[in-house]
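Chain by chain, the residues run as shown.
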Amino acid sequence: MLVTTRTNAKLAAEADDSVVEPEQLRRATLASSVGSALEYYDFYIYGLASALIFGPLFFKPLGESGALIASFATYGVGFAARPFGGIFFGFIGDRFGRKMVLLLTIGMMGLASFAIGLLPTFEQAGMLGAVLLVTLRIIQGLGAGAEQAGATTLISEVAPPKRRGYFASLPFVGIQLGTLLGAGTFALLQLADKDAFEAWLWRVPFLASFVLIIVAVFIRLRLKETPVFQELEKHKNVVKNPVGQLWKHSRRNVLVGIGLRMGENGNSSIYSALLISFMSVKEGVFPGDKFIGPVGLLIAAGFAAVMVVTFGALSDRFGRVRVYRYGALFQAVFAIPAFYLVTLGNVTLVWVVMVVGIALGVQSMLGPQCPLLPELFGSQYRFTGVALSREISAVLAGGLVPLLGAILLAATHNSWVVLAVYSLVLALISFITTFFTPETAGRDLLALEDAR
């Protein structure tokens, strides 16, 4: 049973902005940002490689459509592994501290990405390459299952309450940096000779992730533990079984977190992976031009880096739920016209759709989500709660979207309506969920109980 061990006055005093350590806040922001950059660099280069190159490289005997579906299946396998990583590392984060998890996850993700760059293709080793690809993707998924949960928990527990939305969204600029790096690298590689790209150049983005690993580990070694976890240890409030406590007290809030993420995470995958695949196979619209998608992502990521912080700051002023609700509604309304415009074959229109969908639609939900998920849960099992909310939704929305989307596109002869309806439904799920979400802006994160 949860017992509040201090008076509300003392809790409020300790949560006041004046106790925030500027150096710790700076290091936490930087450490979280670099980790986010690596995760989403991995995320986008793998998504782009799945859409553009992994099919013929590793699954050639399955034919064009079969290879594409198999390629996206490996993409989805990583998402399927994420909840298991969330449970395991969430337990460690709530039991032994946030810092330890952030060091472990960054190493797992980065080394797995580096190893993908060394894999033999089907021509070189038959299906061995595909088996190894799936294995490394699972390792990636296990690490990623706690990386973002750790980053958002860390910065939320360090940031001043009145500006938590702003500071909690800053590390997610790293997401856009990772997108810029991943999409930019692939865009440049598309300029190279096709034979050289398929022979060895595709490996470069994966091998380059080693640089980010070194930087991220160096920064994270200098981090302190968060004030919230220090207080839990000081007052012997660390629980031995955070997963059990979460299941007992927070099932409702986990479901809320999953629902909120469907529109954001699902549409992120639609615009960044499935739309690019759609354009690459849509006959007569963008014949053979694989350069359009990565450049569109590059442009969209630049705008998104600004907008995620903007929406995070707006949630400090107007509330998390209100900003989230209108963002989800915008994404739903935009879905039908967006994907129709893509079919017109105008490159500029495609880039506008990607910018609006990613920088406005997705970020208007991600900005307030950064502080909202940690604020939903009590301090004893916050890491586990955030991790499960993020990663179960990542499987349902992010992981299955490209795979199911590829299957539905093949079944409907690449109809744009599939993308539009998919985007609309996911956004509506998040919109409806906001009516069951408690307002959490400014909540005291030292509290042991959940937001209600």
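Predicted, not measured: the structure shown is a model, and the values here were computed from it. (Residues numbered from 1 in each chain as written. Predicted model: local features only at pLDDT ≥ 70, side-chain atom pairs only at ≥ 80, totals over all residues. Heavy atoms only, no water.)

A. Inspection of the overall build of the chain at higher detail. For the chain, the helix and strand inventory stands at 20 helices and 0 strands. For the chain, the C-alpha atoms occupy an extent of roughly 65 × 45 × 35 Å along the three principal directions. Counting all 452 residues of the chain, 60% fall into the buried class. For the chain, the proportion of contacts with a sequence separation of at least 24, taken over those separated by at least 6, is 88%. Summed over its atoms, the accessible surface of the chain is roughly 16,700 Å², and 70% of this surface lies on carbon and sulfur atoms. Here the chain contributes 35 positive and 28 negative side-chain charges, whose respective centroids are spaced 6 Å apart. (Helix = DSSP H or I, 4+ residues; strand = E, 2+ residues; numbered from the N terminus. Buried < 20%, exposed > 50% of the residue type's maximum accessible area, 1.4 Å probe, protein only. Contact = heavy atoms within 4.5 Å. Areas by Shrake-Rupley, 256 points an atom, 1.4 Å probe, with all protein chains shown as cover. Lys, Arg positive; Asp, Glu negative; His and termini not counted. Charge placed at Lys NZ, Arg CZ, Asp CG, Glu CD.)

B. Local environment of the packing of aromatic side chains. Counted by the stated rule, this structure contains 7 aromatic pairs. Taken together, a centroid distance of 5.8 Å and an interplanar angle of 10° make the contact between Phe-330 and Phe-334 stacked. Placement of both Phe-330 and Phe-334 in helix H17 (residues 320–342) is noted, with a separation of 4 residues, approximately one turn of the helix. The class of Phe-334 is buried, set by a relative accessible area of 14%. One residue, Arg-251, lies across the ring of Trp-247, its end atom 4.8 Å from the ring centre. For Arg-325, the ring lying beneath its charged end belongs to Phe-435, and the centroid distance is 3.9 Å. (Phe/Tyr/Trp six-rings, centres within 6.5 Å; stacked < 30°, edge-to-face > 60°. Lys NZ or Arg CZ within 6 Å of the ring centre and 35° of its normal.)

C. Structural view of the nonpolar core. Ranked by internal contacts, the top residues of the largest apolar core, which has 120 residues, are Phe-54, Phe-58 and Leu-275. Here this core gets 15 residues from one element, more than from any other, and that element is helix H2 (residues 22–52). Ignoring sequence-local partners within four residues, the contact set of Phe-58 consists of Leu-119, Pro-120, Thr-121, Phe-122, Met-127, Gly-129, Ala-130, Leu-133 and Trp-202. (Core = buried A, V, L, I, M, F, W, Y, C linked by side-chain atoms within 4.5 Å.)

D. Looking closely at the environment of Ile-336. Mapped onto the secondary structure, Ile-336 falls in helix H17. Among the residues examined, Ile-336 registers a relative accessible area of 39% and is labelled partly exposed. Along the primary structure Ile-336 and Ala-420 are separated by 84 residues, whereas in three dimensions their C-alpha atoms are 5.0 Å apart. Ignoring sequence-local partners within four residues, the contact set of Ile-336 consists of Trp-416 and Ala-420.

E. Geometry of the pattern of salt bridges. Overall, the coordinates contain 11 salt bridges when judged by the stated rule. Note that Arg-98 is salt-bridged to Asp-94, the shortest N-O span being 2.9 Å. For the pair shown, Arg-98 and Asp-94 are each scored as buried. In this structure, Asp-316 and Arg-320 form a salt bridge, with 2.9 Å as the shortest nitrogen-oxygen distance. Given the relative accessible area of 23%, Asp-316 is considered partly exposed. When salt bridges with common partners are traced through the structure, they connect Asp-94, Arg-98, Glu-157 and Arg-382 into a single cluster. (Salt bridge = Lys/Arg side-chain N within 4 Å of Asp/Glu carboxyl O.)

F. Structural context of the side chain of Glu-225. With respect to the helices, strands and loops of the structure, Glu-225 is situated in the loop between helix H12 (209–220) and helix H13 (227–234). Although buried, Glu-225 forms no salt bridge, and the nearest oppositely charged side chain, Arg-98, lies 4.9 Å from it. Within the structure, the side chain of Glu-225 is placed 3.4 Å from the backbone nitrogen of Lys-99, a separation counted as a polar contact. (Polar contact = N/O pair within 3.5 Å; in protein donor to acceptor, adjacent residues only side chain to side chain.)

G. Quick look at the packing of helix H4 (residues 63–96) against helix H5 (residues 98–116). It is at 7 Å that the axes of H4 and H5 come closest, and there the two elements cross at 150°. When the axes of H4 and H5 are compared, the pair comes out roughly antiparallel. Counting all contacts with H4, which are made through Phe-89, Ile-92, Gly-93, Asp-94 and Phe-96, the residues of H5 involved are Arg-98, Met-100, Val-101, Leu-104, Thr-105 and Met-108. When its residues are assigned to classes, the contact of H4 with H5 shows 7 nonpolar, 2 polar and 2 charged. (Axes fitted to C-alpha atoms, helices over the stretch in contact; angles between N-to-C directions. Parallel < 35°, antiparallel > 145°, perpendicular 65-115°, else oblique. Nonpolar A, V, L, I, M, F, W, Y, C, P; charged D, E, K, R; others polar.)

H. Spatial organisation of H12. Over its 12 residues, H12 runs 17 Å from end to end, which matches the ideal 16 Å to within 8%, given 1.5 Å per residue. The set of residues buried in H12 consists of Ser-209, Leu-212, Ile-213, Ala-216, Ile-219 and Arg-220. All buried residues of H12 fall inside an arc of 140° around its axis, so they share one side. Every exposed residue of H12 that faces more than 90 degrees away from the buried side is listed here: Val-211 and Phe-218. Lining the buried residues of H12 we find H2, H5, helix H7 (128–158), helix H9 (173–189) and helix H11 (204–207). (Expected span 1.5 Å × (residues − 1). Arc of directions from axis to C-beta.)

I. Spotlight on the confidence of the model for the chain. This prediction gives the chain a mean pLDDT of 84; 92% of its residues lie at or above 70. Per-element confidence in the chain is highest for H17, whose mean pLDDT is 96, and lowest for helix H1 (residues 8–14), whose mean pLDDT is 39. In the model, residues 1–18 has pLDDT below 50 throughout and makes 27 contacts with residues more than four positions away in sequence or in other chains. (pLDDT = per-residue confidence, 0-100.)

J. Expanded view of the packing of helix H16 (residues 292–318) against helix H18 (residues 347–376). Two numbers describe how H16 lies on H18: the axes approach to 7 Å, and their chain directions differ by 30°. With respect to their mutual orientation, H16 and H18 come out roughly parallel. Crossing handedness for the pair H16 and H18: right-handed. Of the residues assigned to the contact of H16 with H18, the class counts are 21 nonpolar, 7 polar and no charged. (Left-handed = near helix turned anticlockwise from the far one by under 90°.)

K. Up close: the environment of Arg-98. By secondary structure assignment, the location of Arg-98 is in helix H5. Sequence-wise, Arg-98 and Leu-372 are 274 residues apart; in three dimensions their C-alpha atoms are separated by 18 Å. Filtering out sequence-adjacent residues up to four positions away, Arg-98 remains in contact with Gly-93, Thr-153, Glu-157, Glu-225, Thr-226, Val-228, Phe-229, Ser-379, Arg-382 and Phe-383. A distance of 2.9 Å separates the side chain of Arg-98 from the side chain of Asp-94, its partner in a polar contact.

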